[in-house]
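Summary of the model geometry
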Amino acid sequence: MRALRAVWEWLDQRLGLAPGLQVIVNNLSKPLPPHVNWLFTLGAALVFLLGIQILTGALLMVYYIPSADQAHASIEMIVSEVPLGWLIRSLHNWGSHLIVIITLMHMARVFVYGGYKKPREVTWLIGVLLLGVILLFGFTGYLLPWDQVSYWGTVVATEAPASIPFVGSLIRQLLIGGEEVGGATLGRFFVAHVFLLPLALFGLMGIHLFLIRYQGVSSLGRIDEPEPTSKEMRAQGGKSFFPYHVLKDITTMYVIFGILLTLSLLYPPFIGDPADPLSTPPGIKPEWYFLPAYQLLKYVPDIIGVQIPLILFLLLILLPLVIDRSPERRARRRKRIVGGVVVISVIVVLLGILGHLSESTQTWFGKEYYFDLMGIPHPLIEIK
């Protein structure tokens, strides 16, 4: 202890750390509104999972070779020869799915509690950008195994931007590095996945976390009323962020890690055959979180279908600025906007389910059905 105190005093005399430390202590001791519950630990769980992704991704980079000739073989080597390499890859794979799920749950919680309203619009906008970055992580990482499924899935996904008027073909060429998906595409996706997107992630997350601690958690009162002071929140039953809410955050992290480890041990990701540009396998589909957009393109012209996901992102950005200007935060007093979001969410989930079922055979209640391209079931008649 004496040694640590001596080091602290030496640093404090030169850098003046005491005032900054006091600000941090005061911030951590601020009380939270009494309505803060376990749902408010999703943000900490998301930060925890992103940390695991960075660690496992760095370990995979030690052996992964971003080359069209060696990428698939390096993945096979990681799984079969590197000690615990299969587990590291499985953790990275399942972590990417859990991150998308928890991000959507976190944003749903913010929406229901009206946490995006004045004066926290900037925090919400940065959260929307973080959602975009996380989806781009999934998009760019999908190709890196360089197997048949990831290769042809990327071919299908990168054809969609070509339908955008005037600039579509240029966007596609810049995205894949040429006319067809190939080694240049793999190199670009790798650089984006391990360098460009992490830079964006660190920057946006740093600002997001700072704003959350600086502005605090919003109350459930109207935005045209003054927010309760620390003394008022304590009188209403609000507890300090540290240690009460921190213990909840840690507990949620343990639970999430248990789920992640269980999935990684029981269901390690499949390794397909090496990518073959001359052989198209049947039933190619993107990751589950891109299935709604994939299925939508089957019902509407490409030029419209490509723009609808962009419009949804634009609506998320405009939500606190234009769409929902009501001073109310409580969900039951925002029935129209909440109902509209519920309807859109149900449609998105329905499209995802149809995308998953399309072009597959399923057995329901003892009968087999074939789901066609549009997701419509057709009973199969057994022929003896």
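Structure shown above.
Presented here is an overview of the structure given in this document. (Residues numbered from 1 in each chain as written. Predicted model: local features only at pLDDT ≥ 70, side-chain atom pairs only at ≥ 80, totals over all residues. Heavy atoms only, no water.)

1. Some points on the overall build of the protein
Applicable threshold: A helix here means a DSSP run of H or I that spans at least four residues, while a strand means a run of E at least two residues long, and both kinds are numbered starting from the N terminus. Type-normalised accessible area, obtained with a 1.4 Å probe on protein chains alone, sets the label of each residue: buried when under 20%, exposed when over 50%, and partly exposed for intermediate values. Contacts: residue pairs with any heavy atoms within 4.5 Å of one another. Here the open area of atoms and residues is found with the Shrake-Rupley method and a 1.4 Å probe, where only the protein chains shown may cover a residue. Positive residues here are Lys and Arg, negative ones are Asp and Glu, while His and the chain termini are left out of the count. Note that the charge is assigned to NZ on lysines, CZ on arginines, CG on aspartates and CD on glutamates.
The helix and strand inventory of the protein stands at 15 helices and three strands. By its C-alpha atoms, the protein is 75 × 55 × 50 Å across when sized along the principal axes. For the protein, the residues scored as buried account for 38% of the 384 residues in total. Considering only residue pairs separated by 6 or more positions, the protein has 75% of its internal contacts joining residues 24 or more positions apart. For the protein, the accessible surface area stands at approximately 22200 Å², while carbon and sulfur atoms represent 70% of it. Positive and negative side-chain charges in the protein, numbering 29 and 25 respectively, have mean positions lying 18 Å apart.

2. Focus: the sheet that holds strand β2 (residues 367-371)
What counts is decided by this rule: Strands were regarded as paired on the criterion that DSSP finds at least two bridges between them. In this analysis an axis means a line fitted to C-alpha atoms, helices contributing only their contacting stretch, and an angle means the value between N-to-C directions, from 0 to 180 degrees.
Spatial ordering of the open sheet is given by β1-β2-β3, a layout of three strands whose pairing is antiparallel. Every other strand in the sheet has two partners, leaving β1 (360-364) and β3 (377-379) as the edge strands with one partner each. On average, each strand axis in the sheet is inclined to that of its neighbour by 35°, with strand direction left out of account.

3. A short note on the side chain of S360
Looking at where S360 falls in the secondary structure, it is placed in strand β1. Excluding residues within four positions of it along the chain, S360 makes contact with Y369, Y370 and F371.

4. As for the pairing of β1
In terms of strand pairing, β1 meets β2 through five bridges, oriented antiparallel. Considered in β2, the bridge of S360 is made with F371. Connecting the antiparallel pair β1 and β2 is a turn made up of two residues, with F365 showing a positive phi of about 55°.

5. A closer look at the layout of surface pockets
The cut-off we apply is this: Here the term cavity refers to a set of points on a 1 Å grid, laid over the protein atoms alone, in which a 1.4 Å probe fits but cannot get out; the term pocket refers to an open set having protein on both sides within 12 Å along at least five of seven lines, with lining residues being those that place an atom within 4 Å of a point. Grid points are joined across faces, edges and corners, and a volume is the space filled by probe spheres set on the points.
Here the second largest pocket is characterised by a volume of approximately 1200 Å³. In terms of lining, the second largest pocket is formed by 41 residues, of which the most central are H92, N93, S96, G141 and Y142. Those elements that provide at least two residues to the lining of the second largest pocket are α3 (42-61), α4 (71-80), α5 (85-112), α6 (121-143), α7 (148-159) and α9 (183-215).

6. Regarding the packing of aromatic side chains
The line we're drawing: Working definition: a ring pair exists when centres of Phe, Tyr or Trp rings (six-membered ring for Trp) sit within 6.5 Å. Plane angles under 30 degrees give stacked, over 60 give edge-to-face, the rest tilted. In our convention, an over-ring charge means Lys NZ or Arg CZ found within 6 Å of a ring centre and within 35 degrees of that ring's normal.
Summed over the entire model, instances satisfying the criterion amount to 13 aromatic pairs. A centroid spacing of 5.4 Å and a plane angle of 50° characterise the contact between Y116 and W124, whose relative ring orientation is tilted. Ring centres of F210 and Y214 lie 5.6 Å apart, and the angle between their planes is 15°; this geometry places the pair in the stacked category. With a gap of four residues between them, F210 and Y214 both fall in helix α9, about one helical turn apart. Assigned by exposure class, F210 and Y214 land together as exposed. One aromatic cluster is present, formed by F139, F189, W288, Y289 and F290 through successive ring pairs. Above the face of the F241 ring, R213 is positioned so that its terminal group lies 4.2 Å from the ring centre. A cation over an aromatic ring shows up here: R334 above the ring of F111, its NZ or CZ 5.4 Å from the ring centre.

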